[in-house]
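These are the residues of each chain, in order.
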Amino acid sequence: MIGKTIFKYAFRSQARHIRRTVLSVVGVGIGTAMGILANCWIWGSEEMQIRAASESGAGHLKVIPVGWLETRENSLRLSDWEKALAEVRALPGVKRVSYRARANGLLAFGNRTSGMEVTGVDPDSERVFNRIVYKSGIEGRYLEAGDADKLVIGREIARQLKIGLDDDLMITISGKEEMKSAMLRVVGIIDTGSRELDSSVCHITLSDLERIIGIPGPTEVSILLNNYKQIESTRRLLAQELPEKNTVITWKESAPELAANAEGDKAFMNLLALIIVLVVGLGIMSAQLTAVMERRREFGILSALGMPGRQIVALILTEAFWVGIGGALIALALSAPIAYRLASRGVNISALMGGVKSFGGVLIDPVIYGDLGWWVIWYAFGVSLAATIAASLYPAWLAQKIDPAEALRRV
Amino acid sequence: MIGNDGNLLVSARGLTKVYRLGAIEAPALLGVDLEVKSGEFVSIVGPSGSGKTTLLNLIGALDSATGGELRVLGQDLSGLNRRERAELRLKYLGFVFQSYNLIPVLTARENVEFVLELQGVGRERSARAGEVLNELGLSEFADRRPLEMSGGQQQRVAVARAVASSPKLVLADEPTANLDGENAEILLHMMRRLRDEYGMTFIFSTHDPRVVEHAERVITLTDGRVAKDERHAPA
């Protein structure tokens, strides 16, 4: 237990070697500030990737038929999908919902063909749900409720098939038991700026898809939440409510490539932050060890006066506490303006992406906004105090081991 | 539980201490027999290297004997571990060191309070510290840090720190070594007064003839052995 006088003792001891204390505090401050900025970037980047994946169709959560994740079989359909949709819409924290069915198909125009996945959508919900639709340039228009025999394709498909607006395409889709064909008119050509996406977008209305292939209902219900941090809790809640034979997956399972990429980035940045904190911690340990060696006689006197070893440890850890507090304040002063700029203006990484605008079927934002919140304060004090206190454990242990008689013999 | 064999505070039988520096053995005490009773004012004298400081360190539970038996306040010190020794020092012993050894970042009052705080004294420790400083004529220095005081004043604060919790035994290692004549006199009178008024027992090592004059009992160590143990009327 640390008393008032010991607390004062620890605080005032920092003024004995003011230069060393200032250097320690600044060192801890810079290290913690780098940790804050790294996390601001990591979490901002993670949020950006989650947003990109979820808004590109995957949603934060997706309700699918049991077995779809393992087989990716497009002929599977949701069980009692209208009930599932109603359950989803009734959930708290749900921002938007869209539902789709998919089928493997072949587009043909004259003697030119292109194979792809055809998506049957609800136009009204897809228009506000899918950033591939609302963030991209579009020639013509997107699908509308009530459209029949209409389709929207990506710019790259149009280029390959050499077609334009109002051209009629033959679409052949694998149906329930046989191949089905229909003639659809191009009403819109989407230009995402990504060759990958522009060669894969082929949207028709869900009712057209149901009619052509003869399988009713959607394959998936995608859900966007107001707060991505509630993905797991909402998933658990939803799983209890869903009709049997349906299940719920997260964006990580829908977009595994992006999720793996995000995890890799996060692990690298965390490692970097850890190395920084470790280096700073070793610096602090070195400074504390020097201080303990210099004050060997003083600790011997304390021991001679009967100060228990645990209180000597507490004294040194309290000294570290003050360095940690100073370090946290420096860290906040150094990182807050940069983190604020990062969070408010973002960093445009399009130059680093080399013109790539998509990854794993997801339309990526070229601007990453840092994550800034109250966590910065907890992080600054938590990391700074933890690093200084952890770095002081060994010097503190050495100090309490000092033999008082031996220390008193030294002049 | 710290006991007390009647009036006997310190009892040493065949006490030896040998320092080992690698393969070299340096004997410091070679079979010291000694008894100190409550309320005594004892001076340990002898040339440098005679074992004065070693004897004080052993009695103060700062160091361990190599052989023999040493009982302090009825407690056999050889049976105490590191933590128990620290507890004995904290609760029952007071120390005054040659170089004052006050905590430089604390004021005189805080230095005294510090030890009281370690002993678990609550809010009243501030009043108690003020009381002791006042009693030893140090009130005006209560809020000064050690570097703002003379050597004599610092040593008096060190005595205040040592006696604040009314220990049964105060050990002082060459307490006047760094003091001029006047300050040495003031310090010795103060210690005598504490012994007279509170019955504290003082054992101090010294080279200083002025200190010896104040002692009621003078133990002379030579080459690690008690050469003389004399009682005389103090000046």
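Residues numbered from 1 in each chain as written. Chains lettered and ligands numbered in written order. Predicted model: local features only at pLDDT ≥ 70, side-chain atom pairs only at ≥ 80, totals over all residues. Heavy atoms only, no water.

### Things to note about the overall build of chain B
The helix and strand inventory of chain B stands at seven helices and 10 strands. Compactness check: chain B gives a C-alpha radius of gyration of 17 Å against a globular reference of 18 Å for 235 residues, within 12% of the reference. Counting only C-alpha atoms, chain B reaches 50 × 40 × 40 Å along its principal axes. When burial is assessed residue by residue, chain B has 55% of its 235 residues classed as buried. Within chain B, contacts between residues separated by at least 24 positions form 70% of all contacts whose residues are at least 6 apart in sequence. On chain B, roughly 9,700 Å² of surface is accessible, and the fraction owed to carbon and sulfur atoms is 47%. (Helix = DSSP H or I, 4+ residues; strand = E, 2+ residues; numbered from the N terminus. Rg over C-alpha atoms; globule rule 2.2 N^0.38 Å. Buried < 20%, exposed > 50% of the residue type's maximum accessible area, 1.4 Å probe, protein only. Contact = heavy atoms within 4.5 Å. Areas by Shrake-Rupley, 256 points an atom, 1.4 Å probe, with all protein chains shown as cover.)

### Structural notes on the packing of helix α14 (residues 309–344) of chain A against helix α15 (residues 375–401) of chain A
All names here are of chain A. At a minimum axis separation of 7 Å, α14 and α15 run at an interaxial angle of 150 degrees. Relative to α15, the element α14 is oriented roughly antiparallel. The way α14 lies across α15 gives a crossing that is right-handed. The residue inventory of the contact of α14 with α15, partitioned by class, reads 21 nonpolar, seven polar and no charged. (Axes fitted to C-alpha atoms, helices over the stretch in contact; angles between N-to-C directions. Parallel < 35°, antiparallel > 145°, perpendicular 65-115°, else oblique. Left-handed = near helix turned anticlockwise from the far one by under 90°. Nonpolar A, V, L, I, M, F, W, Y, C, P; charged D, E, K, R; others polar.)

### Some words on the packing of aromatic side chains
This structure, assessed with the given rule, holds 12 aromatic pairs over all chains. Aromatic ring contacts, followed pair by pair, group A:Phe7, A:Phe11, A:Phe321 and A:Trp322 into a single cluster. Across from the ring centre of B:Phe41, 5.9 Å away, lies the NZ or CZ of B:Arg192, which sits over that ring. (Phe/Tyr/Trp six-rings, centres within 6.5 Å; stacked < 30°, edge-to-face > 60°. Lys NZ or Arg CZ within 6 Å of the ring centre and 35° of its normal.)

### A word on a nonpolar patch on the surface
All names here are of chain A. On the surface, a cluster of nonpolar side chains totalling about 490 Å² of accessible area is made up of Ile18, Val22, Val26, Ile30, Met34 and Leu334. In terms of residues, the nonpolar patch owes the most to one element, helix α2 (residues 18–58), which gives five residues. Considering the arrangement of structural elements, one finds isoleucine 18 in helix α2. (Patch = residues over 30% accessible without salt bridge, like charges linked within 9 Å, V, L, I, M, F, W, Y side chains within 5 Å. Salt bridge = Lys/Arg side-chain N within 4 Å of Asp/Glu carboxyl O.)

### Regarding the nonpolar core
Judged by nonpolar contacts, the single largest core of 58 residues is most densely connected at A:Leu107, A:Leu151 and A:Ile153. Non-local contacts of A:Leu107, meaning those with residues more than four positions away in its chain, are made with A:Arg112, A:Thr113, A:Ser114, A:Met116, A:Leu151, A:Ile153, A:Ile157, A:Leu161, A:Leu169, A:Met170, A:Ile171 and A:Cys202. By size, the runner-up hydrophobic cluster in this structure holds 57 residues, among which are A:Ala10, B:Ala61, B:Val72 and B:Leu90. (Core = buried A, V, L, I, M, F, W, Y, C linked by side-chain atoms within 4.5 Å.)

### So, the interface of chain A and chain B
Each partner contributes residues to the interface: chain A has 26 residues there, and chain B has 26 residues. Summed over both partners, the interface of chain A with chain B comes to about 2,300 Å²; 59% of that surface belongs to carbon and sulfur atoms. By the criterion of area lost to chain B, the three top residues of chain A are A:Thr5, A:Arg12 and A:Leu305, representing 30% of everything that side buries. Between chain A and chain B we count two salt bridges in total. The closest approach of N and O atoms between A:Lys8 and B:Glu110, which form a salt bridge, is 3.0 Å. (Buried area = accessible area lost by both parts, 1.4 Å probe.)

### Some remarks on the packing of helix α3 (residues 108–118) of chain B against helix α5 (residues 151–163) of chain B
Residue and element names in this part refer to chain B. One can describe the packing of α3 onto α5 by two numbers: an axis separation of 8 Å at closest approach and a directional angle of 25 degrees. As the angle between them shows, α3 and α5 are arranged roughly parallel. Handedness of the α3/α5 crossing: right-handed. Counting all contacts with α3, which are made through Ala108, Asn111, Val112 and Val115, the residues of α5 involved are Val157, Ala160 and Arg161. Broken down by class, the residue content of the contact of α3 with α5 amounts to five nonpolar, one polar and one charged.

### Let's talk about the environment of B:Phe41
All names here are of chain B. Structurally, phenylalanine 41 can be placed in strand β3 (residues 41–45). As for phenylalanine 41 and proline 27, which are separated by 14 residues in sequence, their C-alpha atoms are 27 Å apart. Discounting chain neighbours no more than four positions away, the residues touching phenylalanine 41 are Leu188, Met191, Arg192, Arg195, Phe202, Phe204, His214, Ala215, Glu216 and Arg217.

### A short note on the domain arrangement of chain A
The parts lose accessible area when they come together, and the size of an interface is often stated as this lost area. Residues and elements named next belong to chain A. Per the domain assignment, the segments of chain A are domain 1 (4–53 + 259–409) and domain 2 (67–244). Here the C-alpha centroids of domain 1 and domain 2 sit 48 Å apart. The partner domain 2 presents 11 residues to the 14 residues of domain 1 that form the contact. When domain 1 packs against domain 2, close to 980 Å² is buried across both sides, 52% of that on carbon and sulfur atoms. Linking domain 1 with domain 2 are zero salt bridges, by the criterion used here. Between domain 1 and domain 2 we count zero residue pairs in polar contact (both at pLDDT 80 or more) in total. Put simply, the parts of the chain that give the side of domain 1 that touches domain 2 at least two residues each are α2, β12 (358–359) and β13 (362–363). In terms of residue count, α2 provides more of the side of domain 1 that touches domain 2 than any other element does, five residues in total. Partitioned by chemical class, the residues of the side of domain 1 that touches domain 2 number seven nonpolar, three polar and four charged. (Domains from an automatic or database assignment. Polar contact = N/O pair within 3.5 Å; in protein donor to acceptor, adjacent residues only side chain to side chain.)

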